[in-house]
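Here's the letter readout for the chains.
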Amino acid sequence: MSNSILSELILRKNKGIKSLAVLIDPDKVILDQLDELIMNMVSARVDFILVGGSLISSDLMETVIQRLKPVEIPVILFPGNHAHIYPEADGILYLSLISGRNADFLIGQHVLSAPLLKKSKLEVLPTGYILVDGGKQTTVSYISNTNPVPHDKPDVAAATAMAGELLGLQLTYLDCGSGAQKPVSNTMIEVVSKSVDHPIIVGGGIRTSQKAKEIFCAGADLIVVGTAFEENPDLLFEMSETRDLCNELVTKN
């Protein structure tokens, strides 16, 4: 198993370069529209593609991954449990739900998946997953039976991220969940990003390019957007432009 994806994320963070990822949920994707989405992602120069979700009830995940493989964009699994492992992808966010107290999502699912992952060629990305209150209960909080970190408690999120880093996790993912009413606060992102040395991923409730800009400026290294693209396909290009503008400022400085 290589570490090219993680190395690239760390390199970009060290250079101040921001990245954009699209999250494709196999339960929500319309296969007849997937080719158009793929073309748009290529045109927008999306950096990474995540595939998965908290609850996958369809059998389309492998089909989606196979359709994405010809695209020269890294495909990373975003698993909801140990069954969501497909060796055809490039990597997997090995998520430990460190904001919760459910042992099954802290280590239990990992024990079940470890033998398969050790045999695969998937790049494993050890990730501290921190669920943040986005204004309503999400699928991930219901499925995992865990409470999110309160939206106005950045110190709790920061201490949680630091604990994950000290345990050896190499990424922190702050997520309000799919369909969140509000994204992670700029304050929380700023406090967390200053508390750990590794890359910060932020997702959930990001519906405008202006909000994406604020989140990048607050300290996010990678923004993940899913549901918003389903509602507004043009947002993909707006987000891409926002990322590019942020990176141009880094280059000039």
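Reading guide: rules and limits
- Residues numbered from 1 in each chain as written.
- Predicted model: local features only at pLDDT ≥ 70, side-chain atom pairs only at ≥ 80, totals over all residues.
- Heavy atoms only, no water.
- Core = buried A, V, L, I, M, F, W, Y, C linked by side-chain atoms within 4.5 Å.
- Buried < 20%, exposed > 50% of the residue type's maximum accessible area, 1.4 Å probe, protein only.
- Contact = heavy atoms within 4.5 Å.
- Pairing = 2+ DSSP bridges.
- Helix = DSSP H or I, 4+ residues; strand = E, 2+ residues; numbered from the N terminus.
- Axes fitted to C-alpha atoms, helices over the stretch in contact; angles between N-to-C directions.
- Lys, Arg positive; Asp, Glu negative; His and termini not counted.
- Salt bridge = Lys/Arg side-chain N within 4 Å of Asp/Glu carboxyl O.
- Polar contact = N/O pair within 3.5 Å; in protein donor to acceptor, adjacent residues only side chain to side chain.
- Left-handed = near helix turned anticlockwise from the far one by under 90°.
- Nonpolar A, V, L, I, M, F, W, Y, C, P; charged D, E, K, R; others polar.

(A) Layout of the nonpolar core. Counting 58 residues, the largest nonpolar core has Ile24, Met41, Leu68, Leu174, Val202 and Ile223 as its most contacted members. Beyond its immediate chain neighbours, meaning those up to four positions away, Leu68 contacts Ile24, Ile38, Met41, Ile49, Val51 and Val75. Ranked by size, the runner-up nonpolar core spans 21 residues in total, among them Phe78, Phe105, Tyr129 and Leu222.

(B) Representation of the sheet that holds strand E8 (residues 222-225) in the model. Spatial ordering of the closed barrel is given by E1-E2-E3-E4-E5-E6-E7-E8, a layout of 8 strands whose pairing is parallel. Within this sheet the neighbouring strands show an average axis-to-axis angle of 30°, counted without direction. Sheet topology places strand E1 (residues 19-24) next to E8; 4 bridges connect them, and they run parallel. Bridge assignment links Val22 to a residue of E8, and that residue is Val225. Those strands touched by helix H10 (residues 235-252) are E1 and E8, and its axis lies near 155° from that of E1.

(C) Region of the structure containing the side chain of Lys18. With respect to the secondary-structure elements, Lys18 resides in the loop between helix H1 (4-15) and E1. An unpaired buried charge is present at Lys18: no salt bridge exists, and Asp221, the closest side chain of opposite charge, is 4.3 Å distant. Here the side chain of Lys18 touches Ala220 through a polar contact of 3.0 Å, landing on its backbone oxygen. Contact partners of Lys18, with chain neighbours within four places excluded, come to Asp47, Phe216, Gly219, Ala220, Asp221, Arg243, Cys246 and Asn247.

(D) Inspection of the packing of helix H8 (residues 209-218) against H10 at higher detail. Contact pair H8 / H10: the axes reach a minimum separation of 9 Å and the direction vectors enclose 35°. The interaxial crossing formed by H8 with H10 has right-handed handedness. Together, Ser209, Ala212, Lys213 and Phe216 of H8 and Leu235, Glu238, Met239, Thr242, Arg243 and Cys246 of H10 make up the contact between the two elements. Of the residues belonging to the contact of H8 with H10, the class tally is 5 nonpolar, 2 polar and 3 charged.

(E) How the structure looks around the pattern of salt bridges. Within this structure, the stated rule accounts for 10 salt bridges. Between Arg243 and Asp47 there is a salt bridge, with the nearest N and O atoms lying 3.0 Å from each other. Of the two residues, Arg243 sits in helix H10 while Asp47 sits in the loop between helix H2 (31-43) and strand E2 (48-52), which places them 196 residues apart along the sequence. Judged by its relative accessible area of 1%, Arg243 falls in the buried class. Judged by relative accessible area, Asp47 falls into the buried class, the value being 14%. What you see here is one network of salt bridges that share partners, running through Glu8, Arg12, Arg45, Asp47, Arg243 and Asp244.

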